[in-house]
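Take a look at the letters that make up each chain.
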Amino acid sequence: WSTCSVTRCLLLPTLPVSSFSLSSLSLSPSSLLGLGALASLTAYWLVYRPRPMRPPCDLQAQSVAVDGDPSCRRSALLKDDSLLEFYYDDTRTFYDMFQRGLRIAGDCPCLGYRKPGQPYQWISYTEVAEKARLLGSGLLAKGCQPNPQQFVGIFAPNRPEWVISELGCYTYSMAVVPLYDTLGPEAMVHILNMAEISLVICDREEKAASMLENKEKGVTPTLSCLVLFNDFSDAFVERAKDCEVEVLKLEQLMLGRQNLKDPVVSLSLHRMPPPELLSLPCALLISSLVSSQGSFVIRQEDVSISYLPLAHMFERMIQVVSMFCHGARVGFYQGDISLLMDDIKTLKPTFFPVVPRLLNRIYDKILGSVTSPLRRALLHYAVRRKQAELSSGVVRNNSLWDKLVFNRIQANLGGNLRFVLTASAPISPTVLSFLRATLGCLIFEGYGQTECTAGCTFSMPGDWSAGHVGAPLPCAMVKLVDIPDMNYYAKNGDGEICVQGPSVFRGYLKDAERTSEALDSDGWLHTGDVGQWLPNGTLRIIDRKKHIFKLSQGEYIAPEKIENVYMRCVPVLQVFVHGDSLQSFLIGIVVPDPEVFVDWAKDRGIVGSHEELCQNPDVKKAVLEDMRAVGKEAGLKSFEQVKDLHLHPETFSVANGLLTPTMKSRRADIRRVFQEQISSMYSKTAI
C-alpha cells in the first residue's frame, strides 16, 4: 500500500507540503511576545514546580517482619535485623553530643532567653561549655564524685541554667535527677532518699524552702547543699544553717578558672538508672532518621522553642539530640504559658515540639476565628486543596492558598516553621491533617516512653496519612503479645506493645520488683499500651493494658485510685472513671447504691424511684458535687476530678459481663457498653 492509496481509502484530502511551511505563518509581534511569555512560564513551572518528597522506603511496607513473625517488626530502613546503636561513632554520650555542636557552632548562639517585651539574648556554645565546666568543677569541690553513681537533683523550670547545670554534671559523669512540682511531697522525699541526693539545684527560694522543710522534718537526711539560680534572703540562709544545709548562689558554685578540672566522661553513663539516663545516644535516631534521608536536615541556623518540661524525656531529647548535636539554637519561653505565643512570634522557631493538647488549641482557635459562612467555606476549600497536595507528597508554604488564606496563621507561629514533632499522647487524625495543610510544614508523630529513651516509632518522611504513630525506629524492634483478658491476640495483628533494643533501659534504680514487671527475661519492655499493626507496617495505638493513661495535656491518670476515693461517697455503689488521650478531662459512670439512694435524694428535696432519680439532672448534679467534695478532701488534683457523669440504675456484675469473677471491672467492656453516654458527655461538656 502506498501513501496515496491509504489517503484515498481514508477519504482524506490531499494537501500540498507547502501548506505547512513556516513562511506561511504570519503572527503579530504581540502574539509572538505572548507565546514567548507562555513558554517562559511553562519552563519556570517545570523547573520550580512543587515536587513531592521522596520517601526513604516503600510507604506500603514501612516495617519488616523479624524471622518471619508478622507480630514482631523492625524498620525497613535497616539492611538486616541488626539494630542501629549509634548514629555517629564519636558521639555516644550527652557530653559528646554537645561537644559535636560546639565544634560546629563555636561562638555562635546556643541558649536564648528574654524579658517581657524585649528581644532574645543569646549565650554562645563556647560560653555554655565554659560555664558547664566551672559548675561541674564546683560540684566536685562540694564533694560530688565524678561517676554515674553520683546523683544531682535539679528542681527548676526551663531556663538556660537548667541546661548548663545538666551539662556540668555530665561533663564529670554525674547523673541528673529532674524534680518537679506535680511529683508531690511523698514522691519527692522517696526520690531524694532512693538516689541519696545530697545537692539539689533550684531556681528560687520558694522551691528550695520545700526541700529544706523535708530536711527539717528529718525525712531527707542526705540533703546538705542547696544551689539557687535567683537571689535569696539572709533569713533563709540562717534557717538552712540550723539544719546543717549550705545555701549557695549558682555563681558561687562556679569556681574560678584556676580551679577547673579536666572532664571525666564515663561511657557507662547512659547505661545507668534512673531511666532518663539510659541508652541516651540511641534517641539520636529521632532526628537522625529524618536527617539521614535528606528529607529534613537539622541545620545550625535552626531554632527551637523550649517550653515543655525539661524534667520529661521528650523535651530533653529534642534539645540534646536534635538541636545541640547539630549546633542549632534553643530559645526558652519566659516561664508563663500565657506568654508562649508572644515568645514564639519573637523567636520565630523553625522546629516546634508540641503535645496534642496545644495542637488542639491551635485548631480550635483557627476554626473559632472564622465566623462568616463565606470565610469558613473558603478556609475548608483551601484546606482540601492543600490536603490534596499532601496526598501526593507535596509539602510547602508558598502556594496560592498559603498566601491568600494561611499566611496569618503561619505568621502567628513565627512564620519560619519547617518541622513540628508531636508526641506524649495520641492526636486526632482530623486535627493532624488540618494542621499539616494550614501550617505548610512537616509534622511528624512519634510514640514511646521514658523507659525506651522517648521514642520507639516515628512517622516516615513522605507519609502524610494520619491515625498511626509510624514504623519502628532503626534502634528498636517492636512486637505485639497476646492479652487474652482483653481479647487481643498477636495473630490478629493486635496486642500489648513490647520494645527491645539498645534504647531500652536496664531497670529502675534499686527497684527489682518494678523492673521485673516492666522487663521480661528476654529484655522486652512491656509498655502497657495496646497496638495494632496496619497493612503498611505502621503501628496504631488502640487501647491501654495497664489502667494508667494520659490526658491530652500529658497528665497521668490512675483511674482505680480515683474510683477508690469516689466509692467513699454515700450514694455511690460502683463507679467507673474514664479518660481519653484526645480529651483533657475525666468523666464517670456511676451506679448509685439502691439501699440508700432514694432516701439520700429525699433528704435533698428530690422524690422518685431509683430509676427516675437516675434520670433526674438535679440528682446528677448533687451526686457530682458530693463526689468532687470527697475527692478534694482526699487530695485529688483538679485534673483527677470527673467533670461529668452518667447515673446507671443497674449494678455492674459478672452476669452482665461488666465484672470479672474476681469482682474487678472489665474496663474495655464497660467502655463499649457505655460508649454512647461517654461520647455524649464529651460532646456537651466544656472546660
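In the nomenclature of an unreviewed UniProt entry, the protein chain is known as Arachidonate--CoA ligase of Sparus aurata. You can read under Sequence similarities (unreviewed entry) in the UniProt record for the protein chain the words "Belongs to the ATP-dependent AMP-binding enzyme family."

S.K.: What exactly am I supposed to notice about the pattern of salt bridges here?
M.R.: Opposite charge on two side chains permits pairing when their charged atoms draw close. Applying the stated criterion across every chain, the model contains 24 salt bridges. With a shortest N-O distance of 2.8 Å, Glu 216 and Arg 239 are connected by a salt bridge. Placement of Glu 216 in helix α7 (residues 205-217) and of Arg 239 in helix α8 (residues 234-242) is noted, with a sequence separation of 23 residues between them. For Glu 216, a relative accessible area of 41% translates into the label partly exposed. In this structure, the salt-bridge partner of Lys 241 is Glu 238, at a minimum N-O distance of 3.8 Å. In this pair, Lys 241 and Glu 238 both sit in helix α8, three residues apart, roughly one turn of the helix. If you follow the salt bridges from partner to partner, you end up with Asp 203, Arg 204, Glu 206 and Lys 207 in one network.

S.K.: Please explain the nonpolar core as it appears in this structure.
M.R.: One broad trend across soluble globular proteins is that nonpolar side chains are buried collectively. Core analysis: the largest hydrophobic core is formed by 102 residues, its most contacted members being Ile 305, Tyr 307, Phe 352, Leu 379 and Leu 435. The residues touching Tyr 307, leaving out its near neighbours within four places in the chain, are Asn 158, Glu 315, Tyr 333, Ile 337, Leu 340, Phe 352, Pro 353, Val 354, Val 355 and Leu 358. Counting residues in each nonpolar core, the second largest holds 29 residues, with Val 572, Ile 606, Val 619 and Met 627 among its members.

S.K.: What is the right way to look at the confidence of the model for the protein chain in this model?
M.R.: A low pLDDT means the predicted coordinates there should not be read in detail. With 90% of its residues at a pLDDT of at least 70, the protein chain reaches an overall mean of 86. Below a pLDDT of 50 lies the segment residues 1-24, which in the model reaches seven contacts outside its immediate sequence neighbourhood of four places, other chains included. Residue range residues 269-295 is modelled with pLDDT below 50. Its contacts to residues more than four positions away, or to other chains, number 107 contacts.

S.K.: Before we go on, may I ask you to explain helix α15 (residues 400-412) in this structure?
M.R.: For an α-helix, 3.6 residues make a turn, and residues three or four places apart therefore share a direction. Its 13 residues give α15 an end-to-end C-alpha distance of 19 Å, which sits within 8% of 18 Å, the value for a rise of 1.5 Å per residue. The largest bend in α15 is about 75°, located at Phe 406. Residues of α15 that are buried: Asp 402, Val 405, Phe 406, Ile 409 and Gln 410. Where α15 is buried, its residues meet α13 (356-369), α14 (373-391) and α16 (429-439).

S.K.: What's the story with α13 in this structure? I'm lost.
M.R.: An ideal rise of 1.5 Å per residue puts 20 Å on 14 residues; α13 measures up with 20 Å between its terminal C-alpha atoms. Along α13, the residues that are buried comprise Pro 356, Leu 358, Leu 359, Asn 360, Ile 362, Tyr 363, Ile 366 and Leu 367. Looking at the buried residues of α13, the elements they touch are α12 (340-347), β12 (351-354), α14, α15, β13 (419-422) and α16.

S.K.: Explain the environment of Ser 581 here, please?
M.R.: Structurally, Ser 581 is set in the loop between β23 (572-578) and β24 (586-592). Residues Ser 581 and Gln 553, 28 residues apart in the sequence, show an inter-C-alpha distance of 8.4 Å. Once you skip the residues sitting within four places of it in the chain, Ser 581 turns out to touch Ala 425, Pro 426, Lys 550, Leu 551 and Ser 552. Among the polar contacts made by the side chain of Ser 581, one reaches the main-chain carbonyl oxygen of Lys 550 at a distance of 3.2 Å.

S.K.: Looking at this model, I keep getting lost on the sheet that holds strand β1 (residues 63-66). Mind explaining?
M.R.: Hydrogen bonding along the main chain pairs the strands of a sheet, whether they run parallel or antiparallel. Taken in spatial order, the six strands make up an open sheet running β1-β2-β17-β18-β19-β20, and their pairing is antiparallel. The strands lining the two open edges of the sheet, one partner per strand, are β1 and β20 (539-544). Sheet twist, expressed as the mean angle between neighbouring strand axes with direction ignored, is 45°. Strand direction decides the pairing type here: strand β17 (residues 477-481) and strand β18 (residues 494-500), joined by five bridges, are antiparallel. Within the sheet, the bridge partner assigned to Val 478 lies in β18 and is Val 499.

The rules we used
- Residues numbered from 1 in each chain as written.
- Predicted model: local features only at pLDDT ≥ 70, side-chain atom pairs only at ≥ 80, totals over all residues.
- Heavy atoms only, no water.
- UniProt positions renumbered as here; feature names shortened; annotations may be inferred.
- Salt bridge = Lys/Arg side-chain N within 4 Å of Asp/Glu carboxyl O.
- Helix = DSSP H or I, 4+ residues; strand = E, 2+ residues; numbered from the N terminus.
- Buried < 20%, exposed > 50% of the residue type's maximum accessible area, 1.4 Å probe, protein only.
- Core = buried A, V, L, I, M, F, W, Y, C linked by side-chain atoms within 4.5 Å.
- Contact = heavy atoms within 4.5 Å.
- pLDDT = per-residue confidence, 0-100.
- Expected span 1.5 Å × (residues − 1).
- Bend = angle between axes of the 7 residues up to and from the residue.
- Polar contact = N/O pair within 3.5 Å; in protein donor to acceptor, adjacent residues only side chain to side chain.
- Pairing = 2+ DSSP bridges.
- Axes fitted to C-alpha atoms, helices over the stretch in contact; angles between N-to-C directions.

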